[in-house]
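A closer look at the structure
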Amino acid sequence: MRQLTVQLEERSYPILIGSGLLAQAPQYFEQYGLTKKSPLLIITDENVAPKYLSGLEQTLRTAGYTVVSAVVPSGETSKSLSVYQDMMTVAIEGKLDRSSAILALGGGVVGDLAGFVAATYMRGIKFVQVPTTILAHDSSVGGKVAVNHPLAKNMIGAFHQPELVLYDVDTLQSLPPRDVSAGLSEMLKHGLIRDEAFAHWCEEHAEELLALNPEALGYGLERGCGIKAEIVSRDERENGERALLNLGHTIGHAIEAIAGYREFLHGEAISIGMAGSALLGEKLGAPAGLYEDTVRMLRSLRLPTTMPAHLDTDALMEAMMHDKKFREGHMVFIIPYRIGAARIVKDVPVSTVRDVIEMLRKGE
C-alpha cells in the first residue's frame, strides 16, 4: 500500500492507495475516528452501485456500522441543487447526527456532491473519499466540494477536508477506455504544472497507463496525488499557489457549461483547455514548441485537443466571464511557460483568448 499525507495541521489526513482496501474499510474507518454509534451515509451513482455498493455495505454492517445508502444518476447532472436537496432528505430521514460521516463512493461528481452535503449538513460533518475512477485522484484530494449552477460549474461550494482518502485501485479495472483517458488528463496536468520529468513519464508510459498496468498506475496515482497534496498543504483555500491546479479549467469549464455537462467528460474538456492554455502561453511569450509538446502528450493519452466546431465562440467567452477566476473585469488564466512550470496571469486580453479559441477550433 502507498500512503501520503495532506499536511494541514489539525486537519491533516492520509491518502491510502492500494489493492483490496474496500474489504479493509472498517479498520481504517475506526483508525481515523468514524464512530459506530452514528449512521454512515454512502452516496454513490448508478454505474458504481452495482459493482461495489452492496459489498461495502455488508463489510461495514458486519463490522458494526449502521449504513444508509443513496444512488444518484451518473454524470455531471447529479451535481445539481435538486439532487443536493434529495441527499439532504436522505440524510435527515436516515437520522444522521453530528457524529455521522458521509462516504463518497465513486468518481469526481459523487465526491463533489457528497462532500458538499457533508460540508453543509448540520453545518458540517465528517466525510470520506472512496474514489473509483482515475479522475478522482485529483478531485478527492484537497477538500474542494461543490455543485453546479446552469450558468457555471462549481459556483456553489465549500472547502471541506475529508477524514481520509481510501483509494482501492482494484475498482479502476472496470473503467471503460474513455473514462481511463479522461482521468489521465488530470494526472498529466500535475506534471505540466509542477514536474517536467513526471509529465514526460506520463507520455512515455501512456500505453501502460491506458492498459491499467498496476505498477505504472500505482506510481502515476501516487505522484499525481503527491503533487496536489504538496500544493494544498501550502495553500488550502486557493489564495495563491493552489490556483495552479486549475490549468486548463477556465476553458474546460466553459466547454462543459455550454455543452450542458453532457457531451464531454471532465477530463476531456480540461484536455482541450490545457491545449488552449499552452497556446496562450506561446502568445504571451513562452518558447515556441510548448503547444506542440503539450498536444503531443495529451494525444498520447488519447485525449482531445481541438475545439468542437459546434460550440459557439461568443457563448464560450460569456461562460468564461462567469468563471470563479474572472475578477474585476479581467480574465485570469493559469498559463504554462514551459513543460513542468506554470504561473497565474491575472490580466489576459480578451481578444487574445478569443483568438486562441478560434485557433483551437482549427487545430492550429
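Structure: see above.
Computed from a predicted model, the values in this text were never measured in an experiment.

Calculation rules
- Residues numbered from 1 in each chain as written.
- Predicted model: local features only at pLDDT ≥ 70, side-chain atom pairs only at ≥ 80, totals over all residues.
- Heavy atoms only, no water.
- Salt bridge = Lys/Arg side-chain N within 4 Å of Asp/Glu carboxyl O.
- Helix = DSSP H or I, 4+ residues; strand = E, 2+ residues; numbered from the N terminus.
- Buried < 20%, exposed > 50% of the residue type's maximum accessible area, 1.4 Å probe, protein only.
- Contact = heavy atoms within 4.5 Å.
- Expected span 1.5 Å × (residues − 1).
- Arc of directions from axis to C-beta.
- Axes fitted to C-alpha atoms, helices over the stretch in contact; angles between N-to-C directions.
- Parallel < 35°, antiparallel > 145°, perpendicular 65-115°, else oblique.
- Left-handed = near helix turned anticlockwise from the far one by under 90°.
- Nonpolar A, V, L, I, M, F, W, Y, C, P; charged D, E, K, R; others polar.
- Polar contact = N/O pair within 3.5 Å; in protein donor to acceptor, adjacent residues only side chain to side chain.
- Core = buried A, V, L, I, M, F, W, Y, C linked by side-chain atoms within 4.5 Å.
- Pairing = 2+ DSSP bridges.
- Right-handed = clockwise from strand over helix to strand, strands pointing away.

1. Description of the pattern of salt bridges
Once the charged atoms of two side chains with opposite charge are near each other, the side chains can pair. All chains considered together, the criterion is met by 22 salt bridges. Put simply, Arg2 and Glu222 hold a salt bridge, and the shortest N to O gap is 2.5 Å. Placement of the pair is Arg2 in strand S1 (residues 2-6) and Glu222 in helix H9 (residues 214-234), with a sequence separation of 220 residues. Exposure remark for Glu222: the relative accessible area of 23% places this residue in the partly exposed category.

2. Description of the environment of Gly106
When you line up the elements, Gly106 lands in strand S5 (residues 101-106). Remark: the alpha-carbon pair of Gly106 and Ala136, spanning 30 residues in sequence, is separated by 8.0 Å. Beyond its immediate chain neighbours, meaning those up to four positions away, Gly106 contacts Val48, Val130, Pro131, Thr132, Thr133 and Ala136.

3. A closer look at unusual backbone geometry
At Tyr261, a position not held by glycine, the phi torsion is positive, near 60°. Locating Tyr261 in the fold gives a position in the loop between helix H10 (249-258) and helix H11 (266-283). Positioned with a positive phi, Arg302 is a non-glycine residue whose angle comes to about 60°. Its location among the elements puts Arg302 in the loop between helix H12 (290-300) and helix H13 (313-321).

4. Topic: helix H14 (residues 350-362)
The end-to-end C-alpha distance of H14 is 19 Å, a good match for the 18 Å that 13 residues give at a rise of 1.5 Å each. When H14 is considered as a whole, its buried residues turn out to be Thr352, Val353, Val356, Ile357 and Leu360. Buried residues of H14, seen end-on, are gathered within an arc of 145° and therefore sit on one face of the element. Once H14 finishes, Gly363 follows within two positions and takes phi at roughly 70°, a positive value.

5. Quick notes on the side chain of Thr352
Mapped onto the fold, Thr352 is located in helix H14. When sequence neighbours within four positions are dropped, the list of residues in contact with Thr352 reads Leu280 and Lys283.

6. Some thoughts on the side chain of His190
With respect to the helices and strands, His190 occurs in helix H6 (residues 177-194). Its relative accessible area of 0% is what places His190 among the buried residues. Apart from the residues lying within four places of it in its own chain, the contact partners of His190 are His137, Asp138, Asp195, Gly224, Ile227, Lys228 and Leu245.

7. A closer look at the packing of H10 against H11
As a packed pair, H10 and H11 sit with axes 7 Å apart at the nearest point and diverge in direction by 135°. Comparing their axes, H11 and H10 come out oblique. Judged by the twist between their axes, the crossing of H10 over H11 is right-handed. Residues His249, Ile251, Gly252, His253, Ile255 and Glu256 of H10 form the contact with H11, whose participating residues are His266, Ala269, Ile270, Ile272, Gly273 and Gly276. When its residues are assigned to classes, the contact of H10 with H11 shows five nonpolar, six polar and one charged.

8. Looking at H9
End to end, H9 covers 30 Å across 21 residues, agreeing with the expected 30 Å (1.5 Å per residue, within 8%). Sitting at the amino-terminal end of H9 is Asn213, which places a side-chain oxygen 3.1 Å from the backbone nitrogen of Glu215.

9. Comments concerning the nonpolar core
Grouped together as the largest cluster of nonpolar side chains are 78 residues, with contacts concentrated most on Ile134 and Met320. Among residues more than four places away in sequence, those in contact with Ile134 are Tyr167, Leu172, Leu175, Val180, Gly183, Leu184, Met187, Leu212, Leu217 and Leu221.

10. Quick word on the pairing of S5
Counting buried positions along S5 gives six out of six residues, so the element sits mostly inside the fold. Here four bridges tie strand S3 (residues 40-45) to S5, and the two strands are oriented parallel to one another. Pairing of Ile42 across the sheet is with Leu103, part of S5. The sheet contact formed by S5 and strand S6 (residues 126-131) spans six bridges and is parallel. When the bridges of S6 are listed, Ile102 appears paired with Phe127. The parallel pair S5 and S6, bridged by helix H4 (residues 108-120), forms a crossover whose chirality is right-handed.

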